[in-house]
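Notes for the structure review
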Amino acid sequence: MFEDEEDEQLDLVNRAHEHLQYRGQYIVTQVEDGLMFTDQHRADVRILFEHYIHTLATRTSSTQKILFPEVMQFPPTYAPLLPTAISEMCSLGFEIAEIGNGSYEVSGIPGGLSGLDPVTLVNELVSAVVEYGSDVQSEVNSLLALELAQRAATPYGEVLTQEQMESLIERLLECENYRYTPDGKTVCVVMPSRNIERLF
């Protein structure tokens, strides 16, 4: 939306000024020569995506046990991609075990996902892998990381404190690609001071 030359300004967030949350969707931050507008949900998607990709690469995950394990079944058509999907999901922190007759027991989900229904979450992730029909591990990993990040990210409308906004912006700027989500949606834009001045 704005010139690429504004990219370097994102490293110069003026932390002496407070962040402003607008309509429960955007975070407005003063940078060296203008204002940065950040989509809070998409920013968290980018942050979480890179976290999950790192987790899959290093096989380091934390699991949150489910008090009452859930039993679920998948359609027979899922069979070709089911082992790959479940194996990679377990690397993300899920605990899913085959218990026979095409049934699986879900006894744990990745830490930090409290509030999400385990059965719905597992079914949606497996369905996404099957829908895209990829059996290449790197593609499966990227798909799972994105799907999980989108479900776990800060929702629109959630009121954030100054500390939460500060943390979100700092973590975003540490990402490999902080300008866009993994599926190409804009995360943040900078409005240069000269553009603001032209409004008056």
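Now for a quick tour of the structure. Since the structure is predicted, the reported quantities are computational estimates derived from the model, not experimental observations.

Looking now at the overall build of the chain. Within the chain, the secondary structure is distributed over six helices and seven strands. The 200 residues of the chain split such that 44% are buried. In the chain, once contacts between residues fewer than 6 apart in sequence are set aside, the share between residues at least 24 apart is 72%. As displayed, the chain has an accessible area near 10800 Å², and 50% of this comes from carbon and sulfur atoms.

Our next topic: helix H3 (residues 118–132). Compared with the 21 Å implied by 1.5 Å per residue over 15 residues, the 21 Å span of H3 between its first and last C-alpha is a close match. Of the positions making up H3, those classed as buried are Pro118, Leu121, Val122, Leu125, Val126, Ser127, Ala128 and Val129. Positive backbone phi, at 65 degrees, marks Gly133, one or two positions downstream of H3.

What follows covers unusual backbone geometry. Only a minority of non-glycine residues have a phi that is not negative, and only a minority of peptide bonds are not trans. A positive phi angle, near 60 degrees, is found at Arg23, a position not held by glycine. Along the chain, the position of Arg23 falls in the loop between strand S1 (20–22) and strand S2 (26–31). Classification of Arg23 by relative accessible area gives exposed; the value is 68%. If you check the backbone angles, Asn101 has positive phi at about 55 degrees while not being a glycine. Tracing the backbone through its elements, the reader meets Asn101 in the loop between strand S5 (95–100) and strand S6 (103–110).

Next up on the list: the packing of aromatic side chains. In total, this model carries two aromatic pairs according to the counting rule given. Every member of this aromatic cluster is reached through a ring pair, and the members are Phe74, Tyr78 and Tyr104.

Turning our attention to the sheet that holds S2. Strand order in this open sheet of four strands is S1-S2-S3-S7, and the pairing throughout is antiparallel. A single partner strand is all that each edge strand has here, and the edge strands are S1 and strand S7 (188–192). When strand polarity is set aside, the average angle formed by the axes of neighbouring strands in this sheet is 25 degrees. Lying on the sheet, helix H1 (residues 40–58) is in contact with S1, S2 and strand S3 (34–39); it crosses S3 at an angle near 70 degrees. Each of S1, S2, S3 and S7 is contacted by helix H5 (residues 162–173), which is oriented at about 70 degrees to S2, the strand it contacts most.

Scanning all chains against the criterion turns up five salt bridges. The salt bridge partner of Arg151 is Glu147, with a shortest N-O separation of 2.7 Å. Of this pair, Arg151 and Glu147 both sit in helix H4 (residues 137–152), separated by four residues, roughly a single helical turn. Residue Glu147 is classed as buried on the basis of its relative accessible area of 12%. Among the charged side chains, a salt-bridge network with shared partners connects Glu124, Glu147 and Arg151.

Our focus in this paragraph is the nonpolar core. Counting 35 residues, the largest nonpolar core has Tyr52, Phe74, Met89, Phe94, Ile96, Val122 and Leu148 as its most contacted members. Here the element with the most residues in this core is H4; it accounts for seven residues. Setting aside chain neighbours within four positions, we find Leu148 in contact with Tyr52, Leu92, Phe94, Pro110, Leu113, Leu121 and Leu125.

Summarising the sheet, S2 and S3 pair through six bridges and their orientation is antiparallel. Note on S3: the bridge partner recorded for Val28 is Phe37.

Calculation notes
Residues numbered from 1 in each chain as written. Predicted model: local features only at pLDDT ≥ 70, side-chain atom pairs only at ≥ 80, totals over all residues. Heavy atoms only, no water. Helix = DSSP H or I, 4+ residues; strand = E, 2+ residues; numbered from the N terminus. Buried < 20%, exposed > 50% of the residue type's maximum accessible area, 1.4 Å probe, protein only. Contact = heavy atoms within 4.5 Å. Areas by Shrake-Rupley, 256 points an atom, 1.4 Å probe, with all protein chains shown as cover. Expected span 1.5 Å × (residues − 1). Phe/Tyr/Trp six-rings, centres within 6.5 Å; stacked < 30°, edge-to-face > 60°. Pairing = 2+ DSSP bridges. Axes fitted to C-alpha atoms, helices over the stretch in contact; angles between N-to-C directions. Salt bridge = Lys/Arg side-chain N within 4 Å of Asp/Glu carboxyl O. Core = buried A, V, L, I, M, F, W, Y, C linked by side-chain atoms within 4.5 Å.

The values reported here are purely geometric and, on their own, carry no functional implication.
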